[in-house]
Amino acid sequence: DAVVLRYDAAERATRQPFHRDEGLVSFNVPLSRGFEGGGTCFEGSGAVLRPPQGRLLCHASGMRHAGHAISRGVRWVLVVFLVSTRAPQLVRR
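Residues numbered from 1 in each chain as written. Predicted model: local features only at pLDDT ≥ 70, side-chain atom pairs only at ≥ 80, totals over all residues. Heavy atoms only, no water.

### A few points about the environment of Met63
Part 1 of the argument: Tracing the backbone shows Met63 in the loop between strand 7 (57–60) and strand 8 (65–67).
Part 2 of the argument: Residue classification places Met63 among the partly exposed positions, given a relative accessible area of 40%.
Part 3 of the argument: Residues Met63 and Ser26, spaced 37 residues apart in sequence, show a C-alpha to C-alpha distance of 9.7 Å.
Part 4 of the argument: Residues contacting Met63, with those up to four places away along its chain left out, are His19, Arg20 and Phe42. (Helix = DSSP H or I, 4+ residues; strand = E, 2+ residues; numbered from the N terminus. Buried < 20%, exposed > 50% of the residue type's maximum accessible area, 1.4 Å probe, protein only. Contact = heavy atoms within 4.5 Å.)

### Observations concerning the layout of surface pockets
Part 1 of the argument: The space that makes up the largest pocket amounts to roughly 190 Å³.
Part 2 of the argument: Along its surface, the largest pocket is lined by 17 residues, and Leu5, His19, Asn28, His65 and Val79 are the ones closest to its centre.
Part 3 of the argument: Listed by contribution, the elements that provide at least two residues to the lining of the largest pocket are strand 1 (2–8), strand 2 (16–19), strand 8 and strand 10 (74–82).
Part 4 of the argument: The dominant element in the lining of the largest pocket, judged by the number of residues it contributes, is strand 10, at four residues.
Part 5 of the argument: Here the lining of the largest pocket is built from residues that sort into seven nonpolar, eight polar and two charged. (1 Å grid on protein atoms, 1.4 Å probe; cavity = no way out; pocket = protein on both sides within 12 Å on 5 of 7 lines; lining within 4 Å. Points joined across faces, edges and corners; volume = space filled by probe spheres on them. Nonpolar A, V, L, I, M, F, W, Y, C, P; charged D, E, K, R; others polar.)

### Quick notes on unusual backbone geometry
In terms of backbone geometry, most residues other than glycine have negative phi values and most peptide bonds are trans.
Part 1 of the argument: At Arg12, a position not held by glycine, the phi torsion is positive, near 60°.
Part 2 of the argument: As for its position among the elements, Arg12 is in the loop between strand 1 and strand 2.

Shown next, in the form of structure tokens:
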């Protein structure tokens, strides 16, 4: 499964709250430039990861994470979820 997320500072759509994805593995690919802030923050680490446009960030879907807020511009991110019909989707439990 996949989704394209749009964050827009002018419309106050700037972040995603902490959550878990449904799947085994999640892939985030930044599609845009020209915004300030943004990135992916993992609960407990405090670090915000900001891969450059077109680079892949991969993580276990069950890890709690958030879309860090942007302060200016528009940010587009492609998120792809690896799911399985044979392996248990532990995040759903």
